[in-house]
Amino acid sequence: GENVEQHPSTLSVQEGDSAVIKCTYSDSASNYFPWYKQELGKRPQLIIDIRSNVGEKKDQRIAVTLNKTAKHFSLHITETQPEDSAVYFCAARSMIKAAGNKLTFGGGTRVLVKP
Amino acid sequence: GAGVSQTPSNKVTEKGKYVELRCDPISGHTALYWYRQSLGQGPEFLIYFQGTGAADDSGLPNDRFFAVRPEGSVSTLKIQRTERGDSAVYLCASSPLAGGVHEQYFGPGTRLTVT
């Protein structure tokens, strides 16, 4: 089955700096890669996603890049703000029909933005 | 509109007891997923429903875990003879259609503590 590795596990940045989180996946048939933000005690919320037919996607201060050949994708947050502090999870979806939309998640990155 | 809701928000039970966790998906969403999130880790897939039927239950850890969705809407995750290792946050997610690529909307989770 799919395996997703996420790095780093913790990331501390100064307010205004950029943050980059990287994920690798094992199943070359995976075609959908969402990123979720989870604040303490809250539900995971989708912040951006990318499909395998696109190499990069941007939404205001966040962007995601995908390298299908190397099987890795990254989240970039620019001009970080204290409210960006949270745990971020990457995920991958397999194309295996029986799996439906099953997501395999990375282990998470705890981001701390210091004012 | 209303998002995914889960009840109870917290459940404390003694080892060996039976528990039921409920998920109310977004109205009209065909697909429903259960994930389990242990402390400091990413969500792990348990089971996926397409309508009333379980399309993929490969993530259920053992036969003490069972889930139903009798009318294709509300789902109940049932755990028999609970063990301390079952302690985790149980997340439910729903998505508009069973096939294709669609965002999964998560509920707030049920925090299960087995003492």
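Rules used throughout
Residues numbered from 1 in each chain as written. Chains lettered and ligands numbered in written order. Predicted model: local features only at pLDDT ≥ 70, side-chain atom pairs only at ≥ 80, totals over all residues. Heavy atoms only, no water. Pairing = 2+ DSSP bridges. Helix = DSSP H or I, 4+ residues; strand = E, 2+ residues; numbered from the N terminus. Axes fitted to C-alpha atoms, helices over the stretch in contact; angles between N-to-C directions. Phe/Tyr/Trp six-rings, centres within 6.5 Å; stacked < 30°, edge-to-face > 60°. Buried < 20%, exposed > 50% of the residue type's maximum accessible area, 1.4 Å probe, protein only. Contact = heavy atoms within 4.5 Å. Salt bridge = Lys/Arg side-chain N within 4 Å of Asp/Glu carboxyl O. Polar contact = N/O pair within 3.5 Å; in protein donor to acceptor, adjacent residues only side chain to side chain.

## Side note on the sheet that holds strand S1 (residues 4-7) of chain A
Each strand in a sheet pairs with its neighbour through backbone hydrogen bonds, running either in the same direction (parallel) or in the opposite one (antiparallel). Residues and elements named next belong to chain A. If you trace the five strands from one edge of the open sheet to the other, you get S1-S3-S8-S7-S6, paired in antiparallel fashion. Among the strands making up the open sheet, the edge pair consists of S1 and strand S6 (56-59). Ignoring strand direction, the axes of neighbouring strands in this sheet form an average angle of 15 degrees.

## Observations concerning the packing of aromatic side chains
By the definition in use, this model includes 13 aromatic pairs over all chains. With centroids separated by 4.7 Å and ring planes inclined at 45 degrees, the aromatic side chains of A:Tyr25 and A:Phe33 adopt a geometry described as tilted. Given the relative accessible area of 6%, A:Tyr25 is considered buried. Ring geometry for A:Phe105 and B:Phe106: centres 6.1 Å apart, planes at 70 degrees, overall edge-to-face. Here the residue A:Phe105 occupies a position in strand S10 (residues 103-105), and B:Phe106 occupies one in strand S10 (residues 105-106), the pair thus bridging two chains.

## A few points about the sheet that holds strand S3 (residues 19-24) of chain B
Residues and elements named next belong to chain B. With respect to topology, four strands assemble into an open sheet ordered S1-S3-S8-S7, the strand pairing being antiparallel. With partners counted over all chains shown, the strands left at the sheet margins are strand S1 (5-7) and strand S7 (65-68), one partner each. Across the sheet, the mean angle separating the axes of adjacent strands is 15 degrees when strand polarity is ignored. The pairing of S1 with S3 spans three bridges and is antiparallel. In the strand pairing of S3, threonine 7 is matched with arginine 22.

## Some details on the pairing of strand S8 (residues 75-79) of chain B
Side-chain direction in a regular strand flips from residue to residue, so the side chains alternate between the two faces of the sheet. Residue and element names in this part refer to chain B. Burial runs high along S8: four of the five residues are buried. With five bridges connecting them, S3 and S8 associate as antiparallel partners. If you follow cysteine 23 over to S8, its bridge partner there is serine 75. Counting the residues between successive antiparallel strands, the hairpin from S7 to S8 contains six residues, one of them, glycine 72, with a positive phi of roughly 75 degrees.

## Digging into the interface of chain A and chain B
Listed per partner, the contact involves 19 residues of chain A and 24 residues of chain B. Taken together, chain A and chain B are joined by one salt bridge. Between A:Lys102 and B:Asp56 there is a salt bridge whose closest N-O contact spans 3.8 Å. Our count for the contact surface shared by chain A and chain B stands at five residue pairs in polar contact (both at pLDDT 80 or more).

## Side note on the pattern of salt bridges
All names here are of chain A. As enumerated under the stated definition, the model contains eight salt bridges over all chains in all. We note a salt bridge from aspartate 84 to arginine 61, for which the minimum N-O separation is 2.9 Å. A residue pair is termed long-range when its members are at least 10 positions apart, and aspartate 84 in the loop between strand S8 (72-77) and strand S9 (86-93) and arginine 61 in the loop between S6 and strand S7 (62-67) qualify at 23 residues. Take aspartate 84: its relative accessible area is 7%, and that puts it in the buried class. Here the salt bridges do not stand alone but share partners, grouping Asp49, Arg51 and Lys57 into one network.

## Focus: the pairing of strand S5 (residues 44-50) of chain B
Residue and element names in this part refer to chain B. Where burial is concerned, most of S5 is hidden: five out of the seven residues are buried. As paired strands, strand S4 (residues 31-37) and S5 are joined by six bridges and run antiparallel to one another. Bridge pairing links tryptophan 34 to isoleucine 47 in S5. Connecting the antiparallel pair S4 and S5 is a turn made up of six residues, with glycine 40 showing a positive phi of about 80 degrees.

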